[in-house]
Amino acid sequence: MPSVDDSIQFVKGIGPKKAKLLEKLHIRTLRDALETYPRDYEDRTHITPIAEIDMEDKYAVRAVVGTEPKVNRIRKGLTLVKCTIYDETGTLNVTYFNNPYAAAQLRVGQEYVFYGKVQGFGRGRTMVSPQSEKVAPDADHPGRIVPVYPLTAGLTQRDLERVTAAALDTLTGEWPDPLPELLRAKYRLPDAVDALSAIHRPKTKDDVAQARRRMVFEELFLLCCGLQQLKERRKADSGIVFTSNGLDSFFEALPFTPTGAQRRAIMEIAADCASGRPMNRLVQGDVGSGKTVVAAGLCALAAQNGWQAAFMAPTEILAAQHAETLAPMLDKLGISCTLLTGSMTAAQKRAALAAIETGAAQVVVGTHALIQQGVQFHRLGAVIADEQHRFGVAQRAALSAKGGSPHVLVMSATPIPRTLALIMYGDLDVSVLDEIPPGRSPVETYAVGENMRKRITAFIDKQVGLGGQAYVVCPLIEDSENAETKLKSAEQHAKDLQKLLPHRRVAVLHGRMKNAEKDQIMRDFAAQKYDILVATTVIEVGVDVPNANLMVVEDADRFGLSQLHQLRGRVGRGTRQSYCVFFGADKGQVARERLRILCRTGDGFEVARADLAQRGPGDFFGQRQHGLPALHVADLAADLALMQNAREEAEALLAADPTLAGYPILLDRVQRMFAEQNDEAFN
Ligand SMILES: Nc1ncnc2c1ncn2[C@@H]1O[C@H](COP(=O)(O)OP(=O)(O)OP(=O)(O)O)[C@@H](O)[C@H]1O
């Protein structure tokens, strides 16, 4: 009796050679074959009478071979096989290029289902290189839904059908199903055997949908169980205890009244830090929702309890900006704030490092280097990281290993739905800032083409004249790189703009400048020594100059929607009416439609949803996942509702059975899933 763990080498028709090729698709055993899902299906259940073929498209026809396939040599090494087929309604030509083998299989007078693309019209109508399957004389429904598997050179769909058929044959009897029966019943999910059979050999489209639903649920459920276990395990770690006594004075020291969302997030942080376990929390909020204040709350808590806090910003510009925002707030509470960046002089750095080592520096702001380059802290109690740091499970484990387990707060400016965030950020708890500070009016947004160039230049001039400031963002630094596509470069554009507006003060900022220089320009812009800042996307995240009220993005069609939303978020941060102009609306229908989404909504969650739908989750999240196992079936954009269910069920199940001792099959699958991605913290 063959077993699912047998090598596919012994499947009839698959020798060592094909086995090697299958290995390229990660198929070694029958189980691997079962877990290799079709990437698509061809619906050959719908048979079209030949007379009704009226478009160039793919069709399934049920027809008899009418003429002997004839081989024509067109050119050296190129053959064309031709024959005709007919049904009760008409006849159709069939051709095969360079595939005499396929044609040789056809017998005159035999009925087949042919499936393929029909080209041409009228008498010239031809089905090109169709797949064919013999029809038994008395078959009613000869067509079927045919799985289309991923392939590699040298393998055919038939090979994949062979190995999956052999694998499906082993599925009799007891197949270990990781999903508890209660859940299957509750969500009406087919069991594993039915689902696998339907995925590989569906009878109807609905079979596929049902089976897919189960696979998605299973995958998300396994993922959530694993993450929940990570969280549970952490509960065993002991954390530094911060009391919340000083929080009131912190709130009083703020230059404004915190929003309800900010207050809630800070209270959640305080509760975590008082719990006796290390905090691992994500604060997520739309542009301008005021995340910095929340981080400041944690810094204050740490310092008031006699511990140091490290605040890591994604760029030096932001580190400097955060230090400047934090210093006056913390100063009121008698807490010192120290900046440590690469662009400081050696003497400044020495002084900062010494203060950090003695503990005189209570709050330290810098870039990732704060943690990486072995800066010695006296008593590090809290770390604030940006999501861009990919400060994942492994990094946190490394930190804990250094001694103590500081509380960790991760900041994210990507507004994604909470359910998604809980999964994307794995084992982090999530606080959402879903409220924008009062007194802001929405940024008026326009998508324009080159024909508006003069008017926009005049508009920049006008806004500056009214006391505002403008950003102009370009995709490139220098012109030379991309002469043919004529993208705007920051340097050239700054020169051009200065010529057009000689009475305005124009500065340029890009990633290749020295950090100290960037820092100075940013400070000068914030201090209103410049009117217009022409920049690359170095200013995308976090830059906060409330007086700036106009954002112009050149070649906006080159950027992702969420990125444009981030850029737009640089304005509308003060009380001045703000504007955003995207050039690129004249670069075709698609570009225009995309930019119009931003004109319609200022809500980052909605933009993210549109971005997700357009680009697909793979592109959208890129490396953003914090070392999570890869998902093979679930689509994070489309399967949100199932994801919610899967998470709730995983939480409930683990609350009842934290070690999954009662669910050995589930436990085994969870461990396999997490082992695959080599997560050191899990092993
Ligand atoms: N409760 C509040 N009331 C009024 N203004 C606030 C409040 N909270 C924050 N601000 C101000 O709003 C601006 C944005 O805050 P912050 O820079 O923290 O935003 P952010 O969430 O980091 O946004 P981004 O992701 O766009 O950088 C700052 O100028 C800040 O001083």
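Residues numbered from 1 in each chain as written. Predicted model: local features only at pLDDT ≥ 70, side-chain atom pairs only at ≥ 80, totals over all residues. Heavy atoms only, no water.

Draft legend 1. Spatial organisation of the confidence of the model for the protein. In this model, the protein carries an average pLDDT of 84, and 89% of its residues clear a pLDDT of 70 or more. Here residues 678–683 is modelled with pLDDT under 50, and outside its nearest four sequence neighbours on either side it reaches 11 contacts, counting other chains as well. (pLDDT = per-residue confidence, 0-100. Contact = heavy atoms within 4.5 Å.)

Draft legend 2. Geometry of the pattern of salt bridges. Evaluation of the coordinates by the stated rule reveals 26 salt bridges. The shortest N-O distance in the salt bridge between E111 and R62 comes to 3.0 Å. Taken together, the residues E111 in strand 6 (residues 111–119) and R62 in strand 2 (residues 58–65) connect sequence positions 49 residues apart. Here E111 falls in the partly exposed class, since its relative accessible area comes to 23%. Note that R162 is salt-bridged to D159, the shortest N-O span being 3.6 Å. Pair noted here: R162 and D159 are both in helix 4 (residues 157–169), with a separation of 3 residues, about one helical turn. Accessibility expressed as a relative area gives 37% for R162, which makes it partly exposed. Here the residues in one salt-bridge network are D177, R184, R214, E218 and R669, joined through shared partners. (Salt bridge = Lys/Arg side-chain N within 4 Å of Asp/Glu carboxyl O. Helix = DSSP H or I, 4+ residues; strand = E, 2+ residues; numbered from the N terminus. Buried < 20%, exposed > 50% of the residue type's maximum accessible area, 1.4 Å probe, protein only.)

Draft legend 3. Structural detail: helix 19 (residues 561–568). Of all the 8 residues making up helix 19, 7 are buried; the element is thus mostly covered by neighbouring parts of the structure. Along helix 19, the residues that are buried comprise L561, S562, L564, H565, Q566, L567 and R568.

Draft legend 4. The arrangement of the site of the ligand in detail. Looking at the ligand, there are 19 residues lining it, with K291, T292, R440, D544 and R573 nearest. Here G288 contributes a backbone N or O atom positioned 2.9 Å from an oxygen atom of the ligand. Here an oxygen atom of the ligand sits 2.8 Å away from a polar atom, N or O, in the main chain of K291. Here the ligand, which alone exposes 630 Å², has 87% of that area covered by the protein. (Near = heavy atom within 4 Å. Polar contact = N/O pair within 3.5 Å; in protein donor to acceptor, adjacent residues only side chain to side chain. Areas by Shrake-Rupley, 256 points an atom, 1.4 Å probe, with all protein chains shown as cover.)

Draft legend 5. View of the nonpolar core. Residues I8, F217 and F221 are the most contacted members of the largest nonpolar core, which totals 88 residues. Among the elements that take part in this core, helix 7 (residues 205–234) stands out by supplying 13 residues, more than any other. Setting aside chain neighbours within four positions, we find F217 in contact with L179, L183, Y187, L189, L642, N645, A646 and E649. If you look at the next biggest cluster of nonpolar residues, it comprises 73 residues, including C273, V294, F525 and V543. (Core = buried A, V, L, I, M, F, W, Y, C linked by side-chain atoms within 4.5 Å.)

Draft legend 6. Region of interest: empty space enclosed by the protein. Evaluation of the coordinates by the stated rule reveals 2 cavities of 30 Å³ or more. Taken as a whole, the largest cavity encloses approximately 100 Å³ of empty space. Lining the largest cavity we find 10 residues, and of these L227, Q228, K231, L422 and R647 sit closest to its centre. Every element with two or more residues in the lining of the largest cavity is listed here: helix 7, helix 15 (418–424) and helix 22 (640–656). Of the residues forming the lining of the largest cavity, the biggest block, 4 residues, is contributed by helix 7. Tallied by class, the residues present in the lining of the largest cavity amount to 5 nonpolar, 2 polar and 3 charged. (1 Å grid on protein atoms, 1.4 Å probe; cavity = no way out; pocket = protein on both sides within 12 Å on 5 of 7 lines; lining within 4 Å. Points joined across faces, edges and corners; volume = space filled by probe spheres on them. Nonpolar A, V, L, I, M, F, W, Y, C, P; charged D, E, K, R; others polar.)

Draft legend 7. Geometry of the state of the cysteines. Enumeration over the complete set of coordinates arrives at 0 disulfides. Left unpaired, C599 is separated from the closest cysteine sulfur, that of C580, by 8.1 Å. You can call C599 partly exposed: its relative accessible area is 30%. (Disulfide = S-S within 2.5 Å.)

Draft legend 8. Looking closely at the packing of aromatic side chains. Inspection of the entire model under this criterion finds 6 aromatic pairs. Aromatic pair F217 and F221: ring centres 5.9 Å apart, planes at 10°, arrangement stacked. Of the two residues, F217 and F221 are both situated in helix 7; the distance of 4 residues between them amounts to about one turn of the helix. Each member of the pair F217 and F221 is classed as buried. Summarising the aromatic geometry, the rings of Y471 and F525 are spaced 5.2 Å apart at their centres and angled 55° between planes, so their arrangement reads as tilted. Of this pair, Y471 sits in strand 17 (residues 469–473) while F525 sits in helix 18 (residues 515–526), placing them 54 residues apart in sequence. Grouping aromatic residues by their ring pairs yields a cluster made of Y187, F217 and F221. Here the guanidinium or amino end of R263 rests over the ring plane of F251, the centre of that ring lying 4.3 Å away. The cationic tip of R453 hangs over the ring face of F583; the distance from NZ or CZ to the ring centre is 3.8 Å. (Phe/Tyr/Trp six-rings, centres within 6.5 Å; stacked < 30°, edge-to-face > 60°. Lys NZ or Arg CZ within 6 Å of the ring centre and 35° of its normal.)

Draft legend 9. The environment of T315, seen in detail. Here T315 is to be found in the loop between strand 10 (308–312) and helix 11 (316–331). Under the relative-accessibility criterion, T315 is labelled partly exposed at 30%. Distance from T315 to G366, taken between C-alpha atoms, is 8.4 Å for residues 51 residues apart in sequence. Among the polar contacts listed, one links the side chain of T315 to the backbone nitrogen of L318, at a separation of 3.2 Å.

Draft legend 10. Fine view of the side chain of D555. Summarising the element assignment, D555 is placed in the loop between strand 20 (548–553) and helix 19. Residue D555 is classed as buried on the basis of its relative accessible area, which comes to 8%. Of the polar contacts made by the side chain of D555, one reaches the side chain of K587; its length is 3.0 Å.

Draft legend 11. Representation of the sheet that holds strand 10. Strand order in the open sheet made by the 7 strands is 11-12-10-13-14-9-15, with parallel pairing throughout. Every other strand in the sheet has two partners, leaving strand 11 (337–340) and strand 15 (429–433) as the edge strands with one partner each. Neighbouring strand axes in the sheet, compared pairwise and without regard to direction, differ in orientation by 20° on average. Judged from the 4 bridges that link them, strand 10 and strand 12 (residues 363–366) form a sheet pairing that is parallel. Among the inter-strand pairings, F311 is bridged to a residue of strand 12, identified as V365. (Pairing = 2+ DSSP bridges. Axes fitted to C-alpha atoms, helices over the stretch in contact; angles between N-to-C directions.)

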